[in-house]
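Letter by letter, the chains look like this.
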Amino acid sequence: MQITIQADPTNTKTALSLLEEMGYSIPCNCHGRRHCNGRNYSFDCSLVPKKPITITLPESASENIIGVSLEDKVPVIGAGDAILIDLGTTTIALALIHQGSAELRQTSVFANPQKQYGSDVISRIHASTHGKRKALMSMIRKALAENICQICLKNHQTPDDLTHCYIAGNTAMIHLLMGYDCTPLARSPFTLKEASPSPFLYKNCKVQILPWFSAFVGGDITAGMYACHMNDTAARKDSDTILLIDLGTNGEMLLRHKGQFYSAATAAGPAFEGNGLSCGCPGIPGAISAVRLMPLRPKLTTIDDLLPVGICGSGAVSLCAELLRRRYITPDGVLTERFPSEGILLGHSPSHAPLYFTADDLRQIQLSIAAITAGIDTLAYESGIAPSDISTVCLGGGFGFYLDLEACQTLGLFSSIPISHIYPMGNTCLRGLFRFACDTDTSSPIPLPAARNIDLAGHPYFQKQFIHHMTYSG
């Protein structure tokens, strides 16, 4: 694919750095020092362009994990009139756009400041229900106001120029933003008191928050539905069967079969996001994203080709597939004598700390895989089909974007769905917000199709399939 890099005579950044800012992450083993003689791509990796240039990237070039590249749209100079907000638990992504021309103006990403009350949703729900509701609400609103102001200033305008704001996030994050009582999210039967927020005015800006399907299937999945055209009757026939999966801690899923929607969330745990692993880390620069076991030491691939700082979810999946292929574990999921008692030494961090992947880490990934796969099986079962009947699987999020699908197939992560039917989509939340803002009648209430929510916690078929998928033999 061809990409135009904007630059002028004052530019001091390499083409690789400018591409990274545009949302593309491509491997360069010499990090722009020209040791590869520029032979990997159609341009010299050490090039510092002084004028706009058009270069060719391989189709496999990855979008940046934070997903600020929207369907190959690059920022276009001009005024913006709408702000998109992907309200994530860990990271918040913003995009300034112009609705009429469907053009991207600016993007920005920052850490969710609520992390001081816990890195996960459960911790923040607990804090909210124990006297910190107003503090959590004020904290996130202040951070959004500051960063919206900054992204507008970069575009030489002010927040007063905005006429629309579109927000999507999981149900808990929206509750914290709005200051709602999170008690229903903390205990069974998880029946929400609050309805999804209606559009409201903030100063002269119309704010629309995409509605949730249930307590655990939130507005980020609603946005993903738009990104994948799941609700588009013109693009999808009733015979199409499409599954959207957000491979995070909650494992949110939305299945469309014969025009009917089915939703579910499965407790995959934090391992896919790098949490809870001995040397785990999020998908940040330096995170190990793929592993190949070699006779002397593992061959590692890291995000941005930096020195390893830990292993992220995609790297852990890649490594587990290698352990199975090379018989460090049996098809029944049992460790063999080849697996060292202290774990697999992957390498050393920049501070020379050893990075081990242990038997406990393997078990955490195994549990996550079983939860996701059993969830897919149960949604298919409830809709009256086999998993192999699903024609399209859209993977949302950075973790899904970096996954090695062959490794997933080795581990049975997507049940019997052929990997040719699986499409990593990057940030489906921002993509969906962009499509909703530019392609729909935003003056009307946000349409949400009726969906049958499947409670997996006590579902007999889910429990049966979960046990089945704890091994790799079937």
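These lines cover the structure that appears in this document, whether it is placed above or below. (Residues numbered from 1 in each chain as written. Predicted model: local features only at pLDDT ≥ 70, side-chain atom pairs only at ≥ 80, totals over all residues. Heavy atoms only, no water.)

## Structural notes on the nonpolar core
Formally: Here, nonpolar core means buried Ala, Val, Leu, Ile, Met, Phe, Trp, Tyr and Cys residues that are tied together by side-chain atoms lying within 4.5 Å of each other. Remark: exposure states derive from per-residue accessible area (1.4 Å probe, protein chains only) relative to the maximum for the residue type, with buried under 20%, exposed over 50%, and partly exposed in between.
Core analysis: the largest hydrophobic core is formed by 56 residues, its most contacted members being Leu323, Leu346, Phe357 and Phe414. In this structure, Val121, Ala127, Ala143 and Tyr180 belong to the second largest nonpolar core, which totals 34 residues.

## Points about the packing of helix H5 (residues 219–227) against helix H10 (residues 428–439)
Helix-helix packing is characterised by the crossing angle of the two axes and by the distance between the axes. Put simply, the test is: Lines fitted to C-alpha atoms define the axes, with helix axes restricted to the stretch in contact, and inter-axis angles between N-to-C directions lie between 0 and 180 degrees. Secondary structure follows DSSP: runs of H or I at least 4 residues long count as helices, runs of E at least 2 residues long count as strands, and numbering of each begins at the N terminus. Small angles under 35 degrees read as roughly parallel and large ones over 145 as roughly antiparallel, with 65 to 115 read as roughly perpendicular and the rest as oblique. The handedness criterion is simple: a crossing whose near helix is rotated anticlockwise from the far helix by less than a right angle is left-handed, and one whose near helix is rotated clockwise is right-handed. Residue contacts follow a heavy-atom distance rule, with two residues in contact if any of their heavy atoms lie within 4.5 Å.
Where H5 contacts H10, the two axes come as close as 7 Å, and the packing angle between them is 65 degrees. Here H5 is positioned roughly perpendicular relative to H10, judged by the angle of their axes. Here H5 and H10 pass one another in a crossing that is left-handed. Residue-level contacts link Asp220, Ala223, Gly224, Tyr226 and Ala227 of H5 to Thr428, Cys429, Arg431, Gly432, Leu433, Arg435 and Phe436 of H10.

## Some thoughts on the sheet that holds strand S5 (residues 82–87)
The test is simple: At least two DSSP bridges between two strands are needed for those strands to be called paired.
Read from one edge of the open sheet, six strands run S7-S6-S5-S8-S10-S9, paired in mixed fashion. Edge positions in the sheet fall to strand S7 (103–111) and strand S9 (200–202), since each of these pairs with one other strand and no more. Here the strands of the sheet are splayed against their neighbours by 25 degrees on average, with no regard to which way each runs. Here S5 pairs with strand S6 (residues 91–98) via six bridges, running antiparallel. Residue alanine 82 lies in a different strand from S6, and its bridge partner there is isoleucine 97. In the packing of helix H3 (residues 171–178) onto the sheet, contacts are made with S5, strand S8 (164–169), S9 and strand S10 (205–209), and the angle to S8 comes to roughly 130 degrees.

## As for the pairing of S5
Within S5, six of the six residues are buried, which leaves the element mostly enclosed by the surrounding structure. Hairpin connection between S5 and S6: a loop of three residues separates the two successive antiparallel strands. Examined bridge by bridge, S5 and S8 share six bridges and lie parallel to one another. In the sheet register, alanine 82 faces S8, and the bridge partner there is histidine 164.

## Let's talk about helix H7 (residues 359–383)
What counts, and what does not: Expected helix span is computed as 1.5 Å times (number of residues minus one).
Here H7 contains 25 residues, and its C-alpha end-to-end distance of 36 Å stays within 8% of the 36 Å for a straight helix at 1.5 Å per residue. Taking burial as the measure, the 25 residues of H7 include 18 buried ones, the bulk of the element.

## Side note on the packing of aromatic side chains
The condition that has to hold: Paired rings are identified among Phe, Tyr and Trp, the last through its six-membered ring, by centres lying within 6.5 Å, and are further divided according to the angle between planes into stacked (under 30 degrees), edge-to-face (over 60) and tilted (the rest). Criterion for a charge above a ring: Lys NZ or Arg CZ within 6 Å of the ring centre, and within 35 degrees of the ring normal.
According to the stated counting rule, one finds five aromatic pairs in the structure shown. Measuring from centroid to centroid gives 4.1 Å for tyrosine 381 and tyrosine 461, while their planes differ by 10 degrees, and the two rings are stacked. Within this pair, whereas tyrosine 381 is found in helix H7, its partner tyrosine 461 is found in helix H11 (residues 460–468), the two being separated by 80 residues in sequence. Look at phenylalanine 462 and phenylalanine 466: their rings are 6.2 Å apart centre to centre, the planes differ by 35 degrees, and that puts the pair in the tilted class. Taken together, the residues span about one helical turn, with phenylalanine 462 and phenylalanine 466 both in helix H11 at a distance of four residues. We classify phenylalanine 462 as buried; its relative accessible area is 11%. The class of phenylalanine 466 is partly exposed, set by a relative accessible area of 23%. Here a set of aromatic residues connected by ring pairs shows up, and it is made of Tyr166, Tyr226 and Phe436. Of note, arginine 338 hangs over the ring of tyrosine 328, and the distance from its end group to the ring centre comes to 4.8 Å.

## Focus: the side chain of glutamine 366
This is how the line gets drawn: Polar contacts, as used here, are pairs of N or O atoms within 3.5 Å; protein pairs need one atom able to donate a hydrogen and one able to accept it. Residues neighboring in sequence count only if both atoms are side-chain atoms.
Its place among the elements puts glutamine 366 in helix H7. A polar contact of 2.5 Å, which involves the side chain of glutamine 366, links it to the backbone oxygen of methionine 470. Among residues more than four places away in sequence, those in contact with glutamine 366 are Gly333, Met470 and Tyr472.

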